[in-house]
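Structural features, examined
Listed here are the chains, written in short residue letters.
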Amino acid sequence: MRPILMKGHERPLTFLKYNRDGDLLFSCAKDHTPTVWYADNGDRLGTYRGHNGAVWSCDVSRHSTRLITGSADQTAKLWDVKTGKELFTFRFDAPARSVDLAIGDHLAVITTDSFMGNMPTAQVKRIAEDLQDQTEESALVISGITGRINRAVWGPGNRTIITAGEDATIRIWDSETGKLLKESDKEVGHQKAISSLSKSLDWSHFLTGSLDKSAKLWDARTLTLIKTYVTERPVNAVDISPTLDHVVIGGGQDAMNVTMTDRRAGKFEAKFFHKILEEEIGGVKGHFGPINALAFNPDGRSFSSGGEDGYVRLHHFDPEYFNIKM
Amino acid sequence: MPADAKIRWGELEEDDGGDLDFLLPPRVVIGPDENGFKKTIEYRFDDDGNKVKVTTTTRVRKLARARLSKAAVERRSWGKFGDAASGDDASARLTVVSTEEILLERPRAPGSKADEPSASGDPLAMASKGGAVLMVCRTCGKKGDHWTSKCPYKDLAPPTDASDTPPTSDGPAALGGPAKGSYVAPRLRAGAVHTDAGHDMRRRNDENSVRVTNLSEDTREPDLLELFRTFGAVSRVYVAVDQKTGMSRGFGFVNFVHREDAEKAISKLNGYGYDNLILHVEMAAPRPT
C-alpha cells in the first residue's frame, strides 16, 4: 500500500478520530488548530481556529455536526463541523485532556489535569441541542484520582465512565452518582502509565495501551482482563479493528531519545496483532518518530496513524490484508 | 466593440493591447490518460505582474470502492474553511501520496516455516559464521532446536528486554553489561552475541549483490524474492521503479547472505526465461565508495 501523507500540523500529533460514516478524519496536534480531512484521499477540508494551546483530544457527534476538543489552554470547545465556527467554550482551571461524547451526544466527559494544586478530575457536561441553553455547569465531577487521567470514556449504555491514566489503574465509575464501582487488578493490570484507551464497536470490551510496553484487552462491564499483547516499546496509541479480529498498537521510544539511536531501533511501527490469538500479524513502518495516535476507519478498510514527526499517514489496506490467515 | 462582449483574440493587438493584458488564456485540462495523469495548465500573474504559466500534473487514482452514505456524499460538497479556505493546499503539497511502497511486514513470510528469521530482527545477526547451526537460542543456549522467541525456558531466564532483537538503548543491558548510563557501542553491548559476525557479513553482503536485468515491467519485489529465495537466504530485494508510472524499470538487485548462493543463482538464472523475457543475471558492480 502507498500511504497518503498529510502534513497539516507543525507539531506532534496527539489524537485522531474518524466520524461514524468514516468519510472525515479529525486530527489534533500540539499546534493549536485541530484539522479535518477527507478520509479517502486525504484532502484537507478545514481547520478549527480558536484554541490557544496544544489540543489533546477530540470527539465528533454521531451525525458529524459537532466537534468537541480538549486543549491545554484550559478550555474545551464545541465547534460546528461544517464551517469551523466556534460554538461554545467550557472553561476549566486546569488543562483539559480527554473528551468523549456519550451515546446520544447529550453528555460529554472531559478530564482536567492536576494543575496549580488542583487534583485531576473527570467532569460530565451537558451538551444542549440548542446553543442558547448551553451552560458551563458540570453535571458530575469525579475526583480523587492521583496522577493525570489520560483517557475517560463512556461505558456501555452511558451507565458508567471508564478512566485510565498515569497511575496505571483503570477505574469504572457510576455515571449518575460518581461512585467508584470497579478498579483494575494491580497484579494483572498495567505496571506503568496508561497512555491510550480505545473501545470496541459494540462497547463490550476496550483496549488500553501502556508505557509498560503492553496493550491489554478488558471487559467493559466486569473489568476482567481478557488478552495481553506484548511489544518491545512503550505503547502510545491503540485501536481495535471494527471488522476483523485485529488490533493495532503503536508507540516507540521516548521522543527525547529518538535522535540518539538509529531509526530502526526506535521501532516506530504500527504493529498489528490478532485480537484473539495475541499473535503478531505484522508491522507498518513509515514514521520518523513515535506514533502518538492511531485510528481505524469504521469501514475497516483503512487506518491512519499520527506521529511525533507531525505527519498523519493514511493507509488503505491492500486486498491481501483481508486474507491473512493465522 | 462594447456591443460585442466577446473579445476576439485576433483583435487584441490592434486595439490598445496594453489595457487588455489583464486577460489570461483559459485553463486547459488534459487527460486523465490511461496512466491516470491529468495535466492542468493555468495562467496567473505573479507578484511582479508577470504572466506565469503553471502546469500541474496530478495523478488520478481510484483508491477503493467506497459506499458513501447520503450525509457523506453531501459532506463531499462542503466548502473548505479555516486555513484550508485559501485553497493552496495542492501547491503546498500538504497531502502527498508516498512514493514508497509500504508493506504490512509479516513477522514471518506467509506460508513459510516457523523457523525462518523474523522480519523485524536482522536476519544477518541470526546467521552464525560459516553456515554452521543457524538456530541458536539465546535464552537457554540450545543449538538447532528452537529460536529464542520460542524458547520453552523463557520464563526461567532472567528478564531481558531484548528477547529476539538486538538490544536497543532503552533495553537495559542484559547479563553483566557495564554500568548503566555509560555509552556502550552497539556491537560491544551484552546480548549482541553475533554482532561481530554480523558486522563482517554486512560488509561482505554488499558484494553478494546480484544484478538482474531485462525484467518484465510488472515484476515486483515479492516476485523476485519468490524466484531467488530457492537458492538461499536473501537479505534484500530491490526493484527499480519509475516514480511516475509505478512500473518497474526493468532491473533490480537481490542480495544474498552467502556468496555461494549468489553464484548458484547466477549460474541457474542467467538466461532463464521469466515472464516472456530472458533474464540477465550477474554479480553487481561494487558500489563506488
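From a predicted model like this one, the values you see are computed outputs, not experimental measurements.

**Quick look at the overall build of chain B**
For chain B, the count of helices and strands is six helices and 10 strands. For chain B, with 289 residues in total, the buried portion stands at 28%. Long-range contacts, defined as pairs at least 24 residues apart, comprise 43% of the intrachain contacts of chain B with a sequence gap of at least 6. Working note: accessible area of chain B is about 19400 Å², and carbon and sulfur atoms make up 52% of it.

**Brief notes about helix 5 (residues 221–228) of chain B**
Residues and elements named next belong to chain B. Along helix 5, the residues classified as buried are L224, L227 and F228. End-on view of helix 5: buried residues confined to an arc of 85 degrees, all on one side of the axis. Each element contacted by the buried residues of helix 5 is listed here: strand 5 (209–213), strand 6 (234–241), strand 7 (248–256), helix 6 (259–269), strand 8 (273–274) and strand 10 (280–283).

**Description of a nonpolar patch on the surface**
Residues and elements named next belong to chain A. On the surface, I276, L277 and M326 cluster together into a nonpolar patch covering about 270 Å² of accessible area. Tracing the backbone shows M326 in the segment after strand 28 (312–316). Residue classification places M326 among the partly exposed positions, given a relative accessible area of 43%.

**Some points on the sheet that holds strand 25 (residues 280–284) of chain A**
Within a sheet, neighbouring strands are paired by backbone hydrogen bonds and run either parallel or antiparallel to one another. Residue and element names in this part refer to chain A. With antiparallel pairing, four strands are arranged side by side in an open sheet as 22-23-24-25. Among the strands making up the open sheet, the edge pair consists of strand 22 (235–240) and strand 25. Geometrically, the sheet is characterised by an average inter-axis angle of 20 degrees between neighbouring strands, direction not taken into account.

**Concerning the interface of chain B and chain A**
Listed as interface residues are 41 residues of chain B and, on the opposing side, 57 residues of chain A. Our count for the contact surface shared by chain B and chain A stands at six salt bridges. Measuring nitrogen to oxygen at the nearest pair gives 3.1 Å for the salt bridge that ties B:E101 to A:R2. For the pair chain B and chain A, the interface holds 23 residue pairs in polar contact (both at pLDDT 80 or more).

**Comments concerning the UniProt feature "repeat: WD" (unreviewed entry) in chain A**
Under the UniProt annotation, "repeat: WD" (unreviewed entry) lies at residues 6–47, 48–89, 142–183, 187–228 and 284–314 of chain A. Split by type, residues 284–314 of chain A is 0% helix and 52% strand. Its first and last C-alpha atoms lie 11 Å apart.

**Some points on the sheet that holds strand 10 of chain B**
Residues and elements named next belong to chain B. Pairing within the open sheet is antiparallel, and its four strands lie in the order 6-7-5-10. On the outer flanks of this sheet lie strand 6 and strand 10, each paired with one strand and no other. Sheet twist, expressed as the average angle between the axes of neighbouring strands with direction ignored, equals 20 degrees. Direction of pairing for strand 6 relative to strand 7: antiparallel, over a ladder of six bridges. Across the sheet, V241 pairs through a bridge with S248, a residue of strand 7. Helix-sheet contacts for helix 5 involve strand 5, strand 6, strand 7 and strand 10, and the interaxial angle to strand 6 is about 140 degrees.

**Observations concerning unusual backbone geometry**
All names here are of chain A. The phi dihedral of N158 falls on the positive side, at around 60 degrees, and the residue is not glycine. Considering the arrangement of structural elements, one finds N158 in the loop between strand 14 (149–154) and strand 15 (160–165). Even without a glycine there, the phi angle at A168 is positive, about 65 degrees. As for its position among the elements, A168 is in the loop between strand 15 and strand 16 (170–174). Relative accessible area serves as the criterion here: at 11%, A168 is assigned to the buried category.

**Brief notes about the nonpolar core**
As a rule of thumb, nonpolar side chains are buried together in soluble globular proteins. Residues and elements named next belong to chain B. Of all hydrophobic cores here, the largest spans 19 residues; its most connected members are V210, V212, F228, V254, F256 and V281. Elements with a minimum of two residues in this core: strand 5, helix 5, strand 6, strand 7 and helix 6. Per element, the largest residue contribution to this core is four residues, and it comes from helix 6.

Cut-offs and rules
Residues numbered from 1 in each chain as written. Chains lettered and ligands numbered in written order. Predicted model: local features only at pLDDT ≥ 70, side-chain atom pairs only at ≥ 80, totals over all residues. Heavy atoms only, no water. Helix = DSSP H or I, 4+ residues; strand = E, 2+ residues; numbered from the N terminus. Buried < 20%, exposed > 50% of the residue type's maximum accessible area, 1.4 Å probe, protein only. Contact = heavy atoms within 4.5 Å. Areas by Shrake-Rupley, 256 points an atom, 1.4 Å probe, with all protein chains shown as cover. Arc of directions from axis to C-beta. Patch = residues over 30% accessible without salt bridge, like charges linked within 9 Å, V, L, I, M, F, W, Y side chains within 5 Å. Salt bridge = Lys/Arg side-chain N within 4 Å of Asp/Glu carboxyl O. Pairing = 2+ DSSP bridges. Axes fitted to C-alpha atoms, helices over the stretch in contact; angles between N-to-C directions. Polar contact = N/O pair within 3.5 Å; in protein donor to acceptor, adjacent residues only side chain to side chain. UniProt positions renumbered as here; feature names shortened; annotations may be inferred. Core = buried A, V, L, I, M, F, W, Y, C linked by side-chain atoms within 4.5 Å.

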